[in-house]
Amino acid sequence: MSHFLFFQPFLQGRPATYSRAELLALLGPHGEADLDENDGDPSFRFHDLEIAASAYLVADAQGETRCLTLTRPGCTEKLRQLAFAVLDRLGGFVFDGELACIYHVHGSAADLPASMREGCSGMLCRVVAPQQLWPEMHVPDSASQWPVLHHGDQDGARFFVIDRQDGKTLQLDLPLSAAACNPATLRGIYNHLLRLRSALNRNPGYALRLCFTSNEASLQLLESQNMPQGLSGTIVNSGEQLFGAGESRPRFVADHALYRQRAIKTQAFLAEARQRFGAAPALNAGGAARFDAILEQIHQLYLREQQGKPQKTYSKAAANWAELTGFALGEAMRLENGGQWGLVERGCGLRWPAVQFGDGTLCFPLNHSLNRIIGGSEYAIPAWFAAHAAHKHHGDDVAGGMLMYVDVLLGGTVLEGKPLPLADRVPRDRLDFSLASLKALDDYAASAGAAYQGMPNEDVATLVLALGGYLGEVIRRNASQHWQWRNYADYFAGRQPTFAQTAFSSVLLESDDRGVQVLQAVKFALAGTDTLYRCALEFAPELAGEEADAATQDTQSAAGQPDSRAASFMQAAPVLVYAFVLGGEQS
């Protein structure tokens, strides 16, 4: 979920309307409506920021509601209950501005416009209980934790939530997918910008930056005449959007802690399956039916727990089972198709566990497990495996194993028959994934390099992959750009499919449209002709100031100043910046 949440009814691909009276009856207990907006649509102010900062009821000519727009949704249990009540009683769909999630209770996904179905980058599914909406593991910061600009009432009750404030410069992020933009959703954003204009008028001297993730979405907003007159500032667009990359994709970050957690949870599930359900499933597509049988038994337990209740309530047991079975289910999918465990990042700090396949497609096993437990056979596991069969990686999935080799270097994993050479010399107490830690690892590489030529092939492979994995993780964690592991074949598919592959180019570290061969760098380090530290600086030159800036970053964080890593990202990423002024002089 991002900064906006839209409730909008569709029927056979065409927009429909909600009854304003029925919608206000559902919203009423949670705040106060203002139906007399001068140049905007009716608004709603929530008493509790755990639901959202505000809402707008985008009206049609007859006064009914085309779209309910929530700003700064809290992704909390209170929001889930309200959202489910709207979907259950009034129908329609709820979706975020980036189309990371689209949910509905009644009707069919076929009622959505085709552009929205195709543009959904995450989960599109029917739900039968509030708990399925943005599950608890996905909680971002609530609106109460963001900077605000007060305006309106003397008691300061009216305010506008912003993303970042640097002195007199205010930044408002507008993470929108072009596929989420239609006349009703754009009108909802217009109402939001009207309130921003009011806040700026009452707080003179501030400069404004509007930051978009999609150039097409920003153009749709500007060309739709949904920018308030008199609002001026600067629009920033991601440069990669402007030069042909298309819509931004969910940011996937391979996560070492999650990799360790999936191992613990998977083993716990297998033991529980044997003890409680008689047999454990195989961790591949062949185990899909057994997974489904176990989850069906858990589903029956859930139904008994909810029996006699007027409406489905939150189940801690369902959440626990979803996490336990979800990690095992995801590991089975990863072993079947190839892929990596990691976290998907979207706006408002939202992150959730996922498996990314070699072609970049995502699947969300913990979410699917929860849906199977609550929703039943509609979310059958064999069908889930079949739906992802087209994303199977053929060949060695080296990228999917890089975090395992990092764990080998750190001492968390021992590979049978593939020991790490000179493991007692690894400076594990200094391996904190900082740039400086590579200097300590270079000493180990020099020792291993001295014996490198005489090692068995299995030991050489373990050594190179462990050192390469750690080098890549240091770059990935500290560089301003977004780096991710890619198999050589996946990276060059569509680029240079006949490009020769060697043992030292089986995996790449990719950023934007650039791939670097970290295993080649390890080869040079072992040969004594280069160092891991210097290679990291060559691949990501901005790391040169990382050590010098470390103390400054700590000081700034303590003083409440903007994080320098975030600032460096804005400076390093290609962007287009242009000024806008509507109906007034630029300040």
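Structural data are supplied above this passage.
Calculation criteria
Along each chain, residues carry numbers from 1 onward, in the same order as the chain's sequence is written. Totals for whole chains, interfaces and linings use all residues, but because this is a predicted model, local features are given only for residues with pLDDT of at least 70 and pairs of side-chain atoms are given and counted only at 80 or more. To get the side-chain values, all heavy atoms of the structure are used, and hydrogens and water are removed first. In short, DSSP must find at least two bridges between two strands for them to pair. Under the scheme used here, helices are H or I runs from DSSP no shorter than 4 residues and strands are E runs no shorter than 2 residues, and both carry numbers assigned from the N terminus. Inter-axis angles, ranging from 0 to 180 degrees, are taken between N-to-C directions of lines fitted to C-alpha atoms, where helices are fitted over the stretch in contact. Contact criterion: two residues are considered in contact whenever any of their non-hydrogen atoms come within 4.5 Å of each other. Salt bridge, as applied in this entry: a Lys or Arg side-chain nitrogen positioned within 4 Å of an Asp or Glu carboxyl oxygen. Burial status follows relative accessibility: with a 1.4 Å probe on protein chains alone, a residue under 20% of its type maximum counts as buried, one over 50% as exposed, and anything between as partly exposed.

Engineer: So what exactly am I meant to see when it comes to the sheet that holds strand β7 (residues 65-71) here?
Structural biologist: Across a sheet, paired strands are connected by hydrogen bonds in the backbone, their directions being either parallel or antiparallel. The strand order across the open sheet built from 8 strands is β4-β5-β6-β7-β1-β8-β9-β10, with neighbouring strands paired in mixed fashion. The sheet is open, and its two borders are formed by β4 (31-34) and β10 (123-126), each paired with just one other strand. Mean inter-strand twist for the sheet, computed between neighbouring axes without regard to direction, equals 15 degrees. Two strands pair when backbone bridges link them, and strand β9 (residues 101-104) and β10 are joined in this way by 4 bridges, in the parallel orientation.

Engineer: How should I be thinking about the side chain of N371 in this particular structure?
Structural biologist: For N371, the location among the structural elements is in helix α10 (residues 365-375). Residues within four places of N371 in sequence aside, it is in contact with C125, Q132, G376 and Y379.

Engineer: Teacher, can you tell me more about the pattern of salt bridges here?
Structural biologist: Pairing between side chains of opposite charge can happen when their charged atoms approach one another. Evaluated as defined, the whole model comprises 18 salt bridges. A salt bridge links D48 to K78; its shortest N-O distance comes to 2.3 Å. Here D48 is found in the loop between β5 (43-46) and β6 (54-59), whereas its partner K78 is found in helix α2 (residues 77-90), with 30 residues between them in sequence. Among the residues examined, D48 registers a relative accessible area of 22% and is labelled partly exposed. One salt bridge in this structure joins R486 and E510, with 3.0 Å as the shortest N-O distance. Here R486, found in strand β21 (residues 483-487), pairs with E510, found in strand β22 (residues 507-511); they are 24 residues apart in sequence, far enough to count as distant. Among the charged side chains, a network of salt bridges with common partners joins R262, E331 and R334.

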